[in-house]
Amino acid sequence: MQNAIPFVFVAVVVLVIIGAIFNAIAKRKRREGLFELAQRLNLDFHGGQDDGIPGRFGFLKQLAQGDDRYAVNVLSGNYQQNEILAFDYHYATYHTDKNGTHKDDHWFSFFILTLPTVFPDLTIRRENFLTRVAEAFGYQDIKFESAEFSRAFCVRSPDKKFAYDVCNAKMMEYLLANRDLSIEIENEVIALAFDSRLSVEQFELDLQRLAEIRSRLPEYLFAQNA
């Protein structure tokens, strides 16, 4: 039994080393894939850690979570006549149990498109158990004539008219065909958030979807808020 203890220890160390190697390889491959995507789309690419994005866009709810916030693999530039940022985002949370304090790392992909004027806060998220619980406690979402859209999405904004203008018939039709999207509009940006890091192929698809959402915003909104 005593002889088995060093073997177990060595096995654990070897597994940790192998895991670290595979993790480093995966990070490098992802960085290279997103760099190639940026080149093909004529965008700038920064693969290192960017601590400025959380502060610059900290008003966005999805970027204001936890601690140790930063972006990596940042694509930026002009895409389909829109200024965009797309990146992997990290934040950390901590929990304590009888064994001490533990750090949990969270990663997801995030997309930002800069708008030419300032807009009020608006969130459009998939309806789920948490949004229904929040509504029960007084956080009311905005209802629409389309019952299907109201069942599928939780829409919240202090400006109900703005919400109706954004969620016009063409926008609702598009979102019902793309129910995985979570959108936030505030100040001069429109943003898409996801629950995990997307593949390189999905990165390009969601840049296209971000531009498509922008195209469905009525132009009169920009004149009203200029």
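The paragraphs below set out a description of the structure included in this document. Quick caveat, the model's predicted, so the values are computed rather than measured.

Here we come to the overall build of the protein chain. Along the protein chain, the regular secondary structure elements total eight helices and six strands. Starting at the N terminus and walking to the C terminus, you meet the elements of the protein chain as α-β-α-β-β-β-α-α-β-α-α-β-α-α. Taking all 226 residues of the protein chain together, the buried fraction comes to 42%. Partitioning the contacts of the protein chain with sequence separation of at least 6, the portion at a separation of at least 24 is 66%.

With that settled, the discussion passes to helix α7 (residues 200–215). Taking 1.5 Å per residue, 16 residues should reach 22 Å; α7 reaches 23 Å between its end C-alpha atoms and fits that length. Taken residue by residue, α7 has F203, E204, D206, L207, R209, L210, A211, I213 and R214 as its buried positions.

Turning our attention to the pattern of salt bridges. Enumeration according to the criterion identifies 16 salt bridges in this entry. For D165, the salt bridge goes to K161, with nearest N and O atoms at 2.9 Å. Of this pair, D165 and K161 both sit in helix α5 (residues 160–166), four residues apart, which is roughly one turn of that helix. With a relative accessible area of 12%, D165 lands in the buried category. Among the salt bridges present, the one from E219 reaches R214, with a minimum N-O distance of 3.4 Å. The exposed category is assigned to E219, whose relative accessible area is 52%. Ionic contacts of the salt-bridge type, sharing partners, join the residues K61, D121, R125 and E184 into one network.

For the rest of this paragraph, the subject is the nonpolar core. Counting 45 residues, the largest nonpolar core has F111, I124, F149, V155, V166 and I185 as the members making the most contacts within it. With six residues, the single largest contributor to this core is strand β4 (residues 100–126). Among residues more than four places away in sequence, those in contact with I185 are L115, F119, P120, D121, L122, F162, V166, I190 and L217. In this structure, I53, A71, F108 and V189 belong to the second largest nonpolar core, which totals 16 residues.

A few words on helix α6 (residues 169–176). Every buried residue belonging to α6 is among M171, M172, Y174, L175 and L176, and all of these are buried. Against β4, α4 (147–152), β5 (153–156), α5, β6 (182–193) and α7 lie the buried residues of α6. A side-chain oxygen of the first residue of α6 lies 3.1 Å from the backbone nitrogen of K170; this N-cap is N168.

Basis of the calculations
- Residues numbered from 1 in each chain as written.
- Predicted model: local features only at pLDDT ≥ 70, side-chain atom pairs only at ≥ 80, totals over all residues.
- Heavy atoms only, no water.
- Helix = DSSP H or I, 4+ residues; strand = E, 2+ residues; numbered from the N terminus.
- Buried < 20%, exposed > 50% of the residue type's maximum accessible area, 1.4 Å probe, protein only.
- Contact = heavy atoms within 4.5 Å.
- Expected span 1.5 Å × (residues − 1).
- Salt bridge = Lys/Arg side-chain N within 4 Å of Asp/Glu carboxyl O.
- Core = buried A, V, L, I, M, F, W, Y, C linked by side-chain atoms within 4.5 Å.
- Polar contact = N/O pair within 3.5 Å; in protein donor to acceptor, adjacent residues only side chain to side chain.

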